[in-house]
Amino acid sequence: MRVISYNLRKHRAAGELAELVERHGADVLCLQEYDTSDIPDEIAGLRLAEATSRNRLGLAVYYRANTFRAVDVRALALKKSLHDHLLKPAEERMLGVRLHDIDHRTDLIIASFHAAPLTALNSLRRHQIRTALAELEQLGEGLPALMVGDYNYPVFKENLGQKVREQGYELSLSDSRTYTRYRFFRGHYDFVTSSGFTIDHVRTLPQGLSDHLPILVTANITSAQPAEVPTAS
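Quick notes on the rules
- Note on numbering: residues in each chain are counted from 1, in written sequence order.
- Given that this is a predicted model, residues contribute local features only at a pLDDT of at least 70 and side-chain atom pairs are listed and counted only at 80 or more, while totals for whole chains, interfaces and linings are drawn from all residues.
- Working from all heavy atoms in the structure, the side-chain values ignore hydrogens and water.
- Only when DSSP finds a minimum of two bridges between them are two strands counted as paired.
- Strands here are runs of E lasting at least two residues and helices are runs of H or I lasting at least four, both read from the DSSP assignment and numbered beginning at the N terminus.
- The criterion used for residue contact is that any of the two residues' heavy atoms lie within 4.5 Å.
- Helix axes are fitted to C-alpha atoms over the stretch in contact, other axes to C-alpha atoms as well, and angles between N-to-C directions run from 0 to 180 degrees.
- Under the scheme applied here, a residue whose accessible area is under 20% of the maximum for its type counts as buried, over 50% as exposed, and between as partly exposed, the area being computed with a 1.4 Å probe on protein chains only.
- Regarding the arc, it is the one traced by the directions from the helix axis to the C-beta atoms.

1. A short note on the sheet that holds strand β2 (residues 28-35)
Item 1. Strand order in the open sheet formed by seven strands is β3-β4-β5-β2-β1-β13-β12, with mixed pairing between adjacent strands. The two strands at the open ends of the sheet, each matched to only one other strand, are β3 (42-43) and β12 (197-204).
Item 2. Relative to strand β5 (residues 57-64), strand β4 (residues 46-51) runs antiparallel, the two being bridged by five bridges. When the bridges of β5 are listed, Glu50 appears paired with Val61.
Item 3. In this fold helix α1 (residues 17-24) packs onto β1 (2-7), β2, β3, β4, β5, β12 and β13 (215-221), with an angle of close to 155° to the strand it touches most, β1.

2. Observations concerning helix α4 (residues 157-166)
Item 1. For α4, every residue scored as buried is listed here: Lys157, Leu160, Gly161 and Val164. Projected down its long axis, α4 carries its buried residues within an arc of 100°, all on one side. Turned more than 90 degrees away from the buried face of α4 sit Glu158 and Glu166, all of them exposed.
Item 2. Buried residues in α4 make contact with α3 (122-136), β10 (170-172) and β11 (190-195).
Item 3. Phi turns positive one or two residues past the end of α4, at Gly168, with a value near 90°.

Here it is in C-alpha coordinates:
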(Lines give C-alpha, C1' and ligand atoms only; values in the text may rest on other atoms or scores of the structure.)
Protein backbone atom coordinates (compact mmCIF):
# COMPACT_ATOMS: atom_id res chain seq x y z
CA MET A 1 0.00 0.00 0.00
CA ARG A 2 1.22 3.49 -0.89
CA VAL A 3 0.11 6.49 1.15
CA ILE A 4 0.94 10.13 0.41
CA SER A 5 0.69 12.73 3.17
CA TYR A 6 0.90 16.43 2.30
CA ASN A 7 0.44 19.69 4.20
CA LEU A 8 -0.71 22.03 1.42
CA ARG A 9 0.24 25.31 3.16
CA LYS A 10 -3.19 26.91 3.24
CA HIS A 11 -4.33 25.06 0.10
CA ARG A 12 -1.55 26.55 -2.08
CA ALA A 13 -0.31 23.16 -3.32
CA ALA A 14 -3.75 21.69 -4.08
CA GLY A 15 -3.12 21.85 -7.83
CA GLU A 16 -0.24 19.37 -7.47
CA LEU A 17 -2.31 16.50 -6.07
CA ALA A 18 -3.45 14.75 -9.24
CA GLU A 19 0.10 14.55 -10.62
CA LEU A 20 1.44 13.32 -7.27
CA VAL A 21 -1.12 10.53 -7.10
CA GLU A 22 -0.55 9.44 -10.69
CA ARG A 23 3.24 9.64 -10.59
CA HIS A 24 3.64 7.65 -7.39
CA GLY A 25 0.68 5.28 -7.70
CA ALA A 26 -0.84 6.31 -4.39
CA ASP A 27 -3.62 4.17 -2.92
CA VAL A 28 -4.44 6.66 -0.17
CA LEU A 29 -3.99 10.44 0.05
CA CYS A 30 -3.99 12.22 3.42
CA LEU A 31 -4.08 16.01 3.39
CA GLN A 32 -3.62 18.83 5.86
CA GLU A 33 -4.42 22.57 5.44
CA TYR A 34 -6.85 21.68 2.66
CA ASP A 35 -9.66 24.10 1.79
CA THR A 36 -12.49 21.73 2.64
CA SER A 37 -15.17 24.19 1.52
CA ASP A 38 -14.53 23.41 -2.14
CA ILE A 39 -12.80 20.09 -2.82
CA PRO A 40 -13.40 17.44 -5.50
CA ASP A 41 -15.03 14.10 -4.84
CA GLU A 42 -12.19 12.42 -6.75
CA ILE A 43 -8.51 13.11 -7.40
CA ALA A 44 -6.79 11.04 -10.09
CA GLY A 45 -8.98 8.02 -9.41
CA LEU A 46 -8.98 8.35 -5.62
CA ARG A 47 -12.37 8.86 -3.94
CA LEU A 48 -12.97 11.26 -1.07
CA ALA A 49 -13.67 9.32 2.12
CA GLU A 50 -14.27 12.38 4.30
CA ALA A 51 -13.11 15.91 5.00
CA THR A 52 -13.35 17.89 8.21
CA SER A 53 -16.11 20.47 8.32
CA ARG A 54 -15.56 22.67 11.37
CA ASN A 55 -12.68 24.67 9.92
CA ARG A 56 -12.09 25.84 6.37
CA LEU A 57 -8.47 24.72 6.23
CA GLY A 58 -8.73 21.17 7.46
CA LEU A 59 -8.07 17.52 6.77
CA ALA A 60 -9.14 15.11 4.03
CA VAL A 61 -8.58 11.45 3.19
CA TYR A 62 -8.92 9.94 -0.31
CA TYR A 63 -8.71 6.23 -1.18
CA ARG A 64 -8.59 4.00 -4.26
CA ALA A 65 -12.16 2.81 -4.70
CA ASN A 66 -11.33 -0.37 -6.64
CA THR A 67 -9.11 -1.50 -3.75
CA PHE A 68 -10.91 -0.27 -0.65
CA ARG A 69 -14.37 0.53 0.63
CA ALA A 70 -14.91 3.24 3.24
CA VAL A 71 -16.68 1.81 6.28
CA ASP A 72 -16.56 4.47 8.99
CA VAL A 73 -14.98 7.85 9.71
CA ARG A 74 -14.15 9.81 12.83
CA ALA A 75 -13.02 13.43 13.14
CA LEU A 76 -11.57 14.64 16.42
CA ALA A 77 -11.03 18.03 18.01
CA LEU A 78 -7.93 17.79 20.20
CA LYS A 79 -6.68 19.77 23.17
CA LYS A 80 -6.09 23.33 22.00
CA SER A 81 -2.97 25.48 22.13
CA LEU A 82 -3.07 29.22 22.86
CA HIS A 83 -2.63 29.74 19.11
CA ASP A 84 -5.80 27.74 18.49
CA HIS A 85 -7.77 29.66 21.09
CA LEU A 86 -6.75 33.05 19.70
CA LEU A 87 -6.68 32.49 15.93
CA LYS A 88 -8.87 29.39 15.57
CA PRO A 89 -6.89 27.94 12.61
CA ALA A 90 -8.08 24.36 13.09
CA GLU A 91 -10.88 22.84 15.15
CA GLU A 92 -10.47 19.21 14.11
CA ARG A 93 -6.90 17.92 14.04
CA MET A 94 -7.40 14.22 13.36
CA LEU A 95 -9.48 12.49 10.70
CA GLY A 96 -9.57 8.70 10.82
CA VAL A 97 -11.08 6.40 8.21
CA ARG A 98 -11.78 2.69 8.52
CA LEU A 99 -11.24 1.04 5.14
CA HIS A 100 -12.18 -2.45 4.00
CA ASP A 101 -9.59 -4.11 1.75
CA ILE A 102 -11.80 -5.72 -0.89
CA ASP A 103 -9.35 -8.35 -2.15
CA HIS A 104 -7.99 -9.43 1.23
CA ARG A 105 -11.28 -9.06 3.13
CA THR A 106 -9.60 -7.24 5.98
CA ASP A 107 -10.09 -3.86 7.60
CA LEU A 108 -7.53 -1.20 8.37
CA ILE A 109 -7.47 2.35 9.67
CA ILE A 110 -5.85 5.35 8.00
CA ALA A 111 -5.72 8.79 9.61
CA SER A 112 -4.62 12.28 8.62
CA PHE A 113 -3.24 14.30 11.54
CA HIS A 114 -2.17 17.92 12.10
CA ALA A 115 -0.62 18.82 15.45
CA ALA A 116 -0.60 22.25 17.07
CA PRO A 117 1.93 24.74 15.65
CA LEU A 118 5.42 25.38 16.98
CA THR A 119 4.15 28.11 19.31
CA ALA A 120 2.76 25.29 21.48
CA LEU A 121 4.81 23.07 23.77
CA ASN A 122 5.95 19.60 22.79
CA SER A 123 4.00 18.31 25.79
CA LEU A 124 0.77 19.57 24.23
CA ARG A 125 1.59 17.93 20.93
CA ARG A 126 2.37 14.67 22.70
CA HIS A 127 -1.04 14.90 24.38
CA GLN A 128 -2.69 15.44 20.99
CA ILE A 129 -0.84 12.50 19.44
CA ARG A 130 -1.66 10.23 22.37
CA THR A 131 -5.34 11.19 22.23
CA ALA A 132 -5.53 10.76 18.46
CA LEU A 133 -3.99 7.28 18.57
CA ALA A 134 -6.34 6.22 21.37
CA GLU A 135 -9.32 7.53 19.40
CA LEU A 136 -8.41 5.40 16.40
CA GLU A 137 -9.20 2.35 18.52
CA GLN A 138 -12.84 3.47 18.43
CA LEU A 139 -12.86 2.79 14.69
CA GLY A 140 -11.89 -0.83 15.26
CA GLU A 141 -10.03 -2.26 18.22
CA GLY A 142 -6.96 -4.24 17.23
CA LEU A 143 -7.09 -3.27 13.55
CA PRO A 144 -3.90 -2.26 11.73
CA ALA A 145 -3.67 1.53 11.97
CA LEU A 146 -1.50 4.10 10.24
CA MET A 147 -1.59 7.83 11.05
CA VAL A 148 0.33 10.29 8.90
CA GLY A 149 0.59 14.04 8.80
CA ASP A 150 2.22 17.18 10.13
CA TYR A 151 3.32 16.42 13.68
CA ASN A 152 5.16 19.77 14.12
CA TYR A 153 7.78 18.00 16.23
CA PRO A 154 11.26 18.90 14.92
CA VAL A 155 13.29 18.24 18.11
CA PHE A 156 13.41 15.55 20.83
CA LYS A 157 11.89 13.01 18.45
CA GLU A 158 13.47 10.15 20.43
CA ASN A 159 11.27 11.04 23.40
CA LEU A 160 8.22 11.13 21.15
CA GLY A 161 9.16 7.74 19.71
CA GLN A 162 9.31 6.24 23.20
CA LYS A 163 5.92 7.66 24.14
CA VAL A 164 4.39 6.32 20.93
CA ARG A 165 5.86 2.86 21.51
CA GLU A 166 4.29 2.82 24.98
CA GLN A 167 0.92 2.99 23.19
CA GLY A 168 1.81 0.08 20.94
CA TYR A 169 2.74 2.15 17.89
CA GLU A 170 5.96 2.75 16.00
CA LEU A 171 7.19 6.16 14.85
CA SER A 172 8.74 6.38 11.37
CA LEU A 173 10.54 9.35 9.78
CA SER A 174 11.21 9.96 6.11
CA ASP A 175 14.59 9.73 4.46
CA SER A 176 15.14 13.51 4.40
CA ARG A 177 13.71 16.66 5.95
CA THR A 178 10.15 17.66 5.16
CA TYR A 179 10.04 21.36 6.09
CA THR A 180 12.21 24.09 4.60
CA ARG A 181 10.54 27.47 5.05
CA TYR A 182 12.71 28.86 7.87
CA ARG A 183 16.37 27.95 8.17
CA PHE A 184 16.25 27.62 11.96
CA PHE A 185 13.17 25.38 11.88
CA ARG A 186 14.10 23.11 8.96
CA GLY A 187 13.87 19.41 9.64
CA HIS A 188 11.51 16.45 9.90
CA TYR A 189 7.95 17.51 10.65
CA ASP A 190 5.84 14.95 8.78
CA PHE A 191 5.80 11.54 10.44
CA VAL A 192 4.15 8.14 10.38
CA THR A 193 2.82 6.31 13.42
CA SER A 194 1.71 2.74 12.81
CA SER A 195 0.52 -0.46 14.45
CA GLY A 196 0.08 -3.75 12.62
CA PHE A 197 2.01 -2.47 9.59
CA THR A 198 5.49 -3.06 8.28
CA ILE A 199 6.80 0.27 7.04
CA ASP A 200 9.01 -0.57 4.08
CA HIS A 201 10.00 2.98 3.28
CA VAL A 202 9.09 6.62 3.95
CA ARG A 203 10.36 8.89 1.20
CA THR A 204 10.34 12.67 1.04
CA LEU A 205 9.09 13.80 -2.37
CA PRO A 206 10.28 16.91 -4.24
CA GLN A 207 9.09 20.26 -2.97
CA GLY A 208 6.19 22.05 -4.63
CA LEU A 209 4.32 25.21 -3.62
CA SER A 210 4.04 24.24 0.05
CA ASP A 211 6.63 24.86 2.74
CA HIS A 212 6.17 21.18 3.61
CA LEU A 213 7.39 18.45 1.31
CA PRO A 214 5.00 15.55 0.71
CA ILE A 215 5.96 12.12 2.00
CA LEU A 216 5.30 8.75 0.38
CA VAL A 217 4.78 5.82 2.75
CA THR A 218 5.13 2.26 1.44
CA ALA A 219 3.62 -0.16 3.95
CA ASN A 220 2.25 -3.68 4.29
CA ILE A 221 -0.16 -5.09 6.82
CA THR A 222 1.51 -7.51 9.23
CA SER A 223 -1.53 -8.25 11.38
CA ALA A 224 -5.03 -8.44 10.02
CA GLN A 225 -8.32 -10.08 10.76
CA PRO A 226 -11.21 -10.93 8.46
CA ALA A 227 -14.04 -8.47 8.70
CA GLU A 228 -17.64 -8.41 7.61
CA VAL A 229 -18.68 -4.81 7.91
CA PRO A 230 -21.55 -2.65 6.65
CA THR A 231 -21.01 -0.06 3.94
CA ALA A 232 -20.73 3.50 5.22
CA SER A 233 -23.89 5.52 4.86
